[in-house]
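# Overview (structure and organization)
Below are the chains, spelled out letter by letter.
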Amino acid sequence: MAQELIRIDDLHAEVDGNTILQGLNLVINTGEIHAIMGPNGSGKSTLAKIIAGHPAYHITRGSIKFKRQDITNLDTDIRAHLGIFLAFQYPIEIPGVSNNDFLRLAYNTKLKANSLEELDPLSFFELINKKLELVGMDSKFLTRNVNEGFSGGEKKRNEILQMALLQPSLSILDETDSGLDIDALRTIANGINNLFNDSNGILLITHYQRLLDYVTPNFVHIMHDGQIKYTGDAQLAKELEKQGYDLLNTKTIL
């Protein structure tokens, strides 16, 4: 039975004194994939960062509830430990830190926050190798520094590896498809589909229909001027592909 995962009510937010979100409402239940599409500057990435708790973004009105707990003012790390994961549009490089050390620290930190026993290096190595298979990555990536010298596709695959390891309740994927060739896109999509189940939810932020050819959303939302203006099913993304955002002029605003 589906349960409410996240509820966003009348969300207003700003960054550097500029108002971005202007009364946004959204509910995602377990077992649902939601896609948000919209023109540049509509607030899609801002929404992703605000859900994750980015400190540069300030909520001026409204609330966010995750698993019915008010997280509007919680710190980023607490939200992560509760089960919120954000895959970045532009994953950063971390020189001097191996992927293996980074992933083990992230995993053990989550275990510790939930009062679970941390894994020793050998046990973690066994676990992470199973996750590597799931996302089609070679174990050599574990010895490389985090994202350093990675191609665009490798960086995005590394984000999905983190998602596979941390097993979040809500995964927010911010333009995970950008900069990918068709083979990398299929690999990423397969990883997403393999990780999705009835007990979690996914929020996809994308400009293009092509990702949604491989990951079928239950709902597609059109975002504009800091609000969700229209919601439909997977067919809506195909309409957008044909008509562009002029489609908004033919739809009734929610």
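Above: the structure in question.
Let me begin by describing the structure that accompanies this report. (Residues numbered from 1 in each chain as written. Predicted model: local features only at pLDDT ≥ 70, side-chain atom pairs only at ≥ 80, totals over all residues. Heavy atoms only, no water.)

## Observations regarding the overall build of the protein chain
Counting secondary structure elements, the protein chain contains seven helices and twelve strands. Expected size for 254 residues packed as a compact globule is a radius of gyration near 18 Å; at 18 Å, the protein chain falls within 12% of this value. Here the C-alpha coordinates of the protein chain stretch approximately 55 × 40 × 40 Å along the principal axes. Counting across all 254 residues of the protein chain, residues that qualify as buried make up 48%. Taking the contacts inside the protein chain whose residues are at least 6 apart along the sequence as the reference set, 68% of them involve residues at least 24 apart. Of the roughly 12,300 Å² that the protein chain leaves accessible, carbon and sulfur atoms contribute 47%. Between the centroid of the 24 positive side chains of the protein chain and the centroid of its 32 negative side chains there is a distance of 2 Å. (Helix = DSSP H or I, 4+ residues; strand = E, 2+ residues; numbered from the N terminus. Rg over C-alpha atoms; globule rule 2.2 N^0.38 Å. Buried < 20%, exposed > 50% of the residue type's maximum accessible area, 1.4 Å probe, protein only. Contact = heavy atoms within 4.5 Å. Areas by Shrake-Rupley, 256 points an atom, 1.4 Å probe, with all protein chains shown as cover. Lys, Arg positive; Asp, Glu negative; His and termini not counted. Charge placed at Lys NZ, Arg CZ, Asp CG, Glu CD.)

## So, the sheet that holds strand β11 (residues 219-224)
Read from one edge of the open sheet, six strands run β6-β9-β10-β3-β11-β12, paired in mixed fashion. Single-partner strands in this sheet number two, and they are β6 (84-87) and β12 (227-232). Averaged over all adjacent pairs, the angle separating strand axes in this sheet is 20°, with direction ignored. Two elements, strand β3 (residues 32-37) and strand β10 (residues 201-205), share five bridges in a ladder whose sense is parallel. Across the sheet, H34 pairs through a bridge with L203, a residue of β10. Helix α5 (residues 152-166) rests against β6, β9 (170-174) and β10 of the sheet, and its axis sits at about 170° to β6. (Pairing = 2+ DSSP bridges. Axes fitted to C-alpha atoms, helices over the stretch in contact; angles between N-to-C directions.)

## Describing the nonpolar core
In terms of nonpolar packing, the biggest core is built from 42 residues, with I160, L173, I192 and L204 touching the most fellow members. Once you skip the residues sitting within four places of it in the chain, I192 turns out to touch I160, L173, I202, L204 and V215. L24, L26, L47 and I205 belong to the second largest nonpolar core, which has 28 residues in total. (Core = buried A, V, L, I, M, F, W, Y, C linked by side-chain atoms within 4.5 Å.)

## Some details on the packing of helix α3 (residues 99-113) against helix α4 (residues 121-135)
Close contact between α3 and α4 brings their axes to 11 Å; oriented N to C, the two are set at 100°. As judged from the angle between their axes, α3 and α4 are roughly perpendicular. For the pair α3 and α4, the contacting residues are N100, L103, R104 and Y107 in the first and P121, F124, L127 and I128 in the second. (Parallel < 35°, antiparallel > 145°, perpendicular 65-115°, else oblique.)

## What to know about the side chain of N158
Take N158: it is sitting in helix α5. Judged by relative accessible area, N158 falls into the buried class, the value being 0%. N158 has contacts with N99, M137, V146, N147 and F150, leaving out every residue within four places of it along the chain.

## Considering α5
Between its terminal C-alpha atoms α5 stretches 22 Å, which fits the 21 Å expected from 15 residues at 1.5 Å a residue. The buried fraction of α5 is high, at 13 of 15 residues. Residue Q167 follows α5 closely and has a positive phi angle near 50°. (Expected span 1.5 Å × (residues − 1).)

## Overview of the packing of α4 against α5
When two helices pack together, their arrangement is captured by the angle between the axes and the distance separating the axes. Running from amino to carboxyl end, α4 crosses α5 at an angle of 125°, the nearest separation of the two axes being 9 Å. One element, α4, and the other, α5, form an angle in the oblique class. Note on packing geometry: the crossing formed by α4 with α5 is right-handed. Each of F124, L127, I128, K131, L132, L134 and V135 in α4 lies in contact with α5, whose residues at this interface are R157, I160, L161, A164 and L165. Looking at the contact of α4 with α5 residue by residue, the classes come out as ten nonpolar, no polar and two charged. (Left-handed = near helix turned anticlockwise from the far one by under 90°. Nonpolar A, V, L, I, M, F, W, Y, C, P; charged D, E, K, R; others polar.)

## So, the sheet that holds strand β2 (residues 18-29)
Read across the sheet, four strands follow the order β2-β1-β4-β5 without closing on themselves; strand pairing throughout is antiparallel. The open sheet has two edge strands with one neighbour each: β2 and β5 (69-70).

## Things to note about the pairing of β3
Across the six residues of β3, six count as buried, placing the element largely inside the fold. Burial along β3 is two-sided: E32, H34 and I36 and I33, A35 and M37, pointing in opposite directions, are all buried. Of the strand pairs in this sheet, β3 and β11 are connected by four bridges, and their pairing is parallel. Directly across from I36, in β11, lies its bridge partner H221.

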